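Inside the fold
Listed here are the chains, written in short residue letters.
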Amino acid sequence: FDGIIENNNGGSGGAILINGEFKMYGGQFVGNRAGTAESGKNGGALYLNKDAVATITGGAFLNNSAKSGGAIYSMGHITVKDTVFTGNTADEGGAMLLRSSSTAPNTSNAVLQDVTITGNTTEDTGAVYLLSSLGSLTLKGNVQIPGSTGKNPGRPHEGAVSLLHKQFYHDH
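Each chain carries its own residue numbering, running from 1 in the direction its sequence is written. With the structure being a predicted model, the display of local features is reserved for residues of pLDDT at least 70 and the display and counting of side-chain atom pairs for 80 or more, all residues being used for whole-chain, interface and lining totals. Hydrogens and water are ignored here; the side-chain numbers use all heavy atoms of the structure.

When helices and strands are counted, the protein chain shows zero helices and 23 strands. Burial classification: accessible surface area is computed with a 1.4 Å probe over protein chains only, and a residue below 20% of its type maximum counts as buried, one above 50% as exposed, and the rest as partly exposed. The buried share of the protein chain, taken over its 172 residues, is 46%. Residues are treated as being in contact if the distance between any of their heavy atoms lies within 4.5 Å. Long-range contacts, defined as pairs at least 24 residues apart, comprise 78% of the intrachain contacts of the protein chain with a sequence gap of at least 6. Throughout, the Shrake-Rupley method with a 1.4 Å probe supplies accessible areas, and for residues the shown protein chains are the sole cover considered. With an accessible surface of roughly 7,300 Å², the protein chain has 47% of that area assigned to carbon and sulfur atoms. By the criteria applied, helices consist of DSSP H or I runs no shorter than four residues and strands consist of E runs no shorter than two, each listed in order from the N terminus.

Pasting the structure below:
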């Protein structure tokens, strides 16, 4: 995929729900929304089910929104490289929420490499929220997460990255 997908309003995965393999090279997801204000869904642009494997290189996720995972909600394996996340909003995980499925607890492994995540907004958690007991988040190279904010200042797990029951790796 290398195109622009914009202004969609769907269920989980406002633009695309992924059950298998997904590859993106330089595409953009702009202004997509998962659900409505009354029936918030997950993954404003992308929703990855537990069996999904996604590779995203050189793209942008701009101004997407969802209840959880403003741009991406993932229960699968995801690698994101040379990609920008800006202006995404969600109650949890302004840019992305990564979690394991209850039926497949060793999922939600994510690698972020040379990624910029800036200006995303969340109610309670960070721009990237890893909510998983057995999943992992690995940061490689130059990962920048400046200027993402929570709407409720002072909450204990608000900020750039929120981790709950998870493994975190940083690989220079």
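Now that the structure has been shown, we can carry on.
Time to look at the nonpolar core. Residues enter a nonpolar core if they are buried and are Ala, Val, Leu, Ile, Met, Phe, Trp, Tyr or Cys, with the set joined through side-chain atoms within 4.5 Å. Core analysis: the biggest nonpolar cluster contains 30 residues, and Leu46, Phe61, Ile72 and Phe85 have the highest contact counts within it. Elements with a minimum of two residues in this core: strand E4 (21–25), strand E7 (46–48), strand E8 (53–57), strand E12 (77–81), strand E15 (96–99), strand E16 (109–113), strand E19 (128–131) and strand E20 (136–140). Ignoring anything within four residues of it in the chain, the contact list for phenylalanine 61 reads Met24, Phe29, Ala45, Leu46, Ile56, Ala71, Ile72, Thr83, Val84, Phe85, Thr86 and Asn88. Core analysis: the next-biggest nonpolar cluster, separate from the first, contains six residues, Tyr73, Leu97, Tyr129 and Leu131 among them.

With that settled, consider the side chain of asparagine 32. By secondary structure assignment, the location of asparagine 32 is in the loop between strand E5 (28–30) and strand E6 (33–34). Looking at asparagine 32, the relative accessible area reads 0%, which means it is buried. Dropping the residues within four chain positions of it, asparagine 32 is found in contact with Ile5, Glu6, Asn7, Asn8, Ala15, Gly44, Ala45, Asn63, Asn64 and Ser65.

The next point concerns the pairing of E19. Successive residues of a regular strand alternate their side chains across the two faces of the sheet. By the alternation rule, side chains of E19 split into Val128 and Leu130 and Tyr129 and Leu131, which are all buried. Pairing between E15 and E19: four bridges, direction parallel. When the bridges of E19 are listed, leucine 98 appears paired with leucine 130. Whether two strands pair depends on DSSP finding at least two bridges between them.

In terms of burial, E20 is largely enclosed, as four of its five residues are buried. Inspection of the sheet shows E16 paired to E20 by five bridges, in the parallel sense. Counted as the bridge partner of asparagine 109 is serine 136 from E20.

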